[in-house]
Amino acid sequence: MLFTSFGFILFLLALSAIYSAAPQKARWAVLLAGSFVFYAFSGFYCLVYISAVTALTYFFARGVGGLLERGRKPRAALPLALCVFIVSGLLLTLKLSAAFSSPISLLFPMGISFYALKTIGYVTDVYRGTCKAEKNIFKYALFVSFFPQLVQGPISRFKDISPSLFEGRPFEFERTASALWRIIWGFFKKLVVADRLMPAVRALSAEPEIYTGIYFAVLMLFYMITLFADFTGGIDIALGVSELFGVETAENFDRPYLAASISEFWRRWHITMGTWFRDYVFYPLSASRFMGGITKKLSRSFSPRTVSSINVSAVTLLVWFLTGLWHGAKSGYIVWGLLNGLIIVATLNLKPRYAAFHKRWGLNKKSWYKAFCVVRTFLLMSCIQVFDCFSEASTTFRMFASLFAPPAIAGSFFETLTSLGPAASDYIVVALACALFAIAGFSGKTGEVRKKLSAKSPVFSAFAAMLLLLFVIVFGSYGIGYDSSQFIYNGF
């Protein structure tokens, strides 16, 4: 069931009515039932997967928690390792089956990449003592399957979300208005921008032997716009629906296209994924006995600073390899991950030289240089993200080579763009929407725009929300050629 479908709106209205009529203590059960109904639309086999993962990690977490209560933490490491092995092994098997188009790939459950990380993080947190193992399996099932976050995140942590998730908060006017604002903003991003531009992205990436040269550069730009509008739009809807039911969730984006470096970009983009890999992969690997042994051997030949640099670089590259694999077991995703890792590693190792350079010239204090860094980061990320568009990395590398050759297609550039699906008017709408994104991004430096509007004038805020909704209804992509496809990240 798509967030932007009419069926989802009816589902949300019905669930809201049942939720508000239910006793406060039973409202979490309403959300659980609603979450399973929502996920059932993806297929019965999806319910089998999520139920199995939920039951497995629930009992492993209870076992780990029980050993901790008896003061047997060393023994608790074994069930933790076994649980992580089983869940990650299941995820890897499904990713590989999808990459090689095996029959099992037809039963790839939507959103498993997200709830697999969520459950692994939960069991690990129980082992670390940062949260208690939940005794009620149905409440734990709600944490795993909470429908707004099920198919594309954010990746919540039990200790952060559980208080508000199980409390059963009633609807409040101010919170409801704020939630609806965010949901409408998500609809705007998805329907007005992402779905309007997606046909052009698909046309350009479907025939790489034809759309070469300048058209490949257009693909990189269009994909960056589409990915931003699609993913952040879906997250806005997810967070808005969560807020509607009083559930407090972590933010997943913070104006990423204003980042001045790749490292900063990943602190702003898909934040919960980045922090998950940092806390559950990077730190444990860095402090592992294996890395300690390597450090000891390297320290015999190199200085402590060099040894530290080698270890951090190696673990960073491994983490980004796994991040690429998490997205998909195809060469395009693997290269995507390694490119991010290589640039971040290079930046870390060149940090002293950057500091000396800026101390000498002071360019980092210049506004024009900061703008240059933002543009540079955007272009670099455009070159990296385009690996998503082709399943094989070799195809993407060939397309980069084509930038230095004349395009294979003949005819007018603007005529070709309008032949990809969107009309000239569609490109104008997208351009105006991008200008609105930029205004919202710069205005958001001091806080969310919707909250600032509500604080200054609730009436004006309501008027602006209705105007935005009207814009979505009028300019949303519903006509001939409209493809009500899944959100890009639903496929993970």
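Scoring rules and cut-offs
- The residue count restarts for each chain, going from 1 along the sequence in the order it is written.
- Where totals are concerned, whole chains, interfaces and linings use all residues; where local detail is concerned, this predicted model gives features only for residues with pLDDT of at least 70, and gives and counts side-chain atom pairs only at 80 or more.
- Excluding hydrogens and water, the side-chain figures rest on all heavy atoms present in the structure.
- Segments assigned H or I by DSSP are reported as helices when at least four residues long, segments assigned E as strands when at least two residues long, and all are numbered from the N terminus.
- Summary of the burial criterion: residues with accessible area below 20% of their type's maximum are buried, those above 50% are exposed, and those between are partly exposed, where the area comes from a 1.4 Å probe applied to protein chains only.
- Helix span is expected to be 1.5 Å times the residue number reduced by one.
- Residues are treated as being in contact if the distance between any of their heavy atoms lies within 4.5 Å.
- Every case where a carboxyl oxygen of Asp or Glu lies within 4 Å of a side-chain nitrogen of Lys or Arg is listed as a salt bridge.
- Among the buried residues, those of types Ala, Val, Leu, Ile, Met, Phe, Trp, Tyr and Cys that are joined through side-chain atoms within 4.5 Å form a nonpolar core.
- Every axis in this analysis is a line fitted to C-alpha atoms, fitted for helices over the stretch in contact. Angles between the N-to-C directions lie between 0 and 180 degrees.
- In these notes the angle categories are as follows: under 35 degrees is roughly parallel, over 145 is roughly antiparallel, 65 to 115 is roughly perpendicular, and the rest is oblique.
- Definitions for this section: a left-handed crossing has its near helix turned counterclockwise from the far helix by less than a right angle. A right-handed crossing has that turn clockwise.
- All residues other than Ala, Val, Leu, Ile, Met, Phe, Trp, Tyr, Cys, Pro, Asp, Glu, Lys and Arg, Gly among them, are scored as polar; the first ten of these are nonpolar and the last four charged.

Undergrad: Would you explain the environment of isoleucine 183 in this entry?
TA: Structurally, isoleucine 183 can be placed in helix H8 (residues 173-206). Accessibility expressed as a relative area gives 9% for isoleucine 183, which makes it buried. With 73 residues separating them along the chain, isoleucine 183 and methionine 110 place their C-alpha atoms 22 Å apart.

Undergrad: Sorry if this is basic, but what is going on with helix H16 (residues 367-385) here?
TA: Think of an α-helix as 3.6 residues a turn; residues three or four steps apart then line up on the same face. End to end, H16 covers 27 Å across 19 residues, agreeing with the expected 27 Å (1.5 Å per residue, within 8%). The complete set of buried residues in H16 reads Tyr369, Cys373, Thr377, Met381, Ser382, Ile384 and Gln385. Buried-residue contacts for H16 involve helix H9 (214-244), helix H10 (262-268), helix H14 (331-349) and helix H15 (351-361).

Undergrad: Any chance you could explain the pattern of salt bridges here in plain terms?
TA: As a working rule, side chains carrying opposite charge can pair if their charged atoms are close by. Taken as a whole and assessed by the stated rule, the structure comprises 14 salt bridges. We note a salt bridge from arginine 182 to aspartate 236, for which the minimum N-O separation is 2.9 Å. Within this pair, whereas arginine 182 is found in helix H8, its partner aspartate 236 is found in helix H9, the two being separated by 54 residues in sequence. Per residue, the accessibility class of arginine 182 equals that of aspartate 236, and both read buried. Each of Arg182, Lys189, Asp236 and Glu251 takes part in one network of salt bridges that share partners.

Undergrad: For this particular structure, what's the right way to read the nonpolar core?
TA: Burial of nonpolar side chains together is a common tendency in soluble globular proteins. The biggest cluster of nonpolar side chains holds 137 residues, and the ones touching the most others in it are Phe245 and Trp266. Excluding its chain neighbours within four sequence positions, the residues that come into contact with phenylalanine 245 are Leu12, Leu15, Ser16, Tyr19, Leu31, Phe147, Arg169, Phe171 and Arg175.

Undergrad: Please explain the packing of H8 against H9 as it appears in this structure.
TA: Between two packed helices, the angle of one axis relative to the other and the distance separating the axes together describe the packing. It is the contact of H8 with H9, at a shortest axis distance of 7 Å, that shows an interaxial angle of 155°. As far as their axial angle goes, H9 and H8 are roughly antiparallel. Note on packing geometry: the crossing formed by H8 with H9 is left-handed. Tallied by class, residues from the contact of H8 with H9 come to 23 nonpolar, 8 polar and 7 charged.

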